[in-house]
Amino acid sequence: DQGLAWVHNLIVDRAHRRQGLGTSLMSAAIQWAQARGLERLMVPVQSKNYPAICFCQKLGFEFCGFNDRYFANRDIALFFGRNLT
């Protein structure tokens, strides 16, 4: 919708983190979106998930908004986006 791709629920088991798996998955998502001519990739992250926030920022995603009614557990969703063009 509107040239956006979304990545929801990208999860790497704790025992396998810091091995490049998440980066590989996100790279595949970026390539998939670019191949379809999409302009931006968006990732919602729970505000209490500091490792995911750092991960997004490490990959060049920037904070671009929030929604305090996005997650069922009532945690605030932080939206991170990255231009693909």
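Read on for an overview of the structure.

What counts and what doesn't
Residues numbered from 1 in each chain as written. Predicted model: local features only at pLDDT ≥ 70, side-chain atom pairs only at ≥ 80, totals over all residues. Heavy atoms only, no water. Core = buried A, V, L, I, M, F, W, Y, C linked by side-chain atoms within 4.5 Å. Buried < 20%, exposed > 50% of the residue type's maximum accessible area, 1.4 Å probe, protein only. Helix = DSSP H or I, 4+ residues; strand = E, 2+ residues; numbered from the N terminus. Contact = heavy atoms within 4.5 Å. Polar contact = N/O pair within 3.5 Å; in protein donor to acceptor, adjacent residues only side chain to side chain. Lys, Arg positive; Asp, Glu negative; His and termini not counted. Salt bridge = Lys/Arg side-chain N within 4 Å of Asp/Glu carboxyl O.

With that settled, the discussion passes to the nonpolar core. Nonpolar side chains in soluble globular proteins tend to be buried together. Counting residues in hydrophobic clusters, the biggest one holds 18 residues, and the most contacted among them are Met26, Leu41, Val43, Val45, Phe61 and Phe80. Breaking this core down by element, the ones donating at least two residues are α1 (21-35), β2 (40-46), α2 (50-58) and β4 (77-83). For this core, the element with the most residues is α1, which contributes four residues. Filtering out sequence-adjacent residues up to four positions away, Phe61 remains in contact with Met26, Leu41, Val43, Cys56, Phe80, Gly81 and Arg82.

Looking at where Gln19 falls in the secondary structure, it is placed in the loop between β1 (4-6) and α1. Relative accessible area serves as the criterion here: at 53%, Gln19 is assigned to the exposed category. Separated by 3.5 Å, the side chain of Gln19 and the backbone oxygen of Ala15 make a polar contact.

Structurally, Asp75 is set in the loop between β3 (62-67) and β4. It is Lys48 that comes nearest to the buried, bridge-free Asp75 among opposite-charge side chains, at 4.7 Å. A distance of 2.5 Å separates a polar atom in the side chain of Asp75 from a polar atom in the side chain of Ser47. Side-chain polar atoms of Asp75 contact the backbone nitrogen of Lys48, separated by 3.4 Å. In contact with Asp75, other than residues within four places in its own chain, are Gln46, Ser47 and Lys48.

Function cannot be inferred from these measures alone, as they are strictly geometric.
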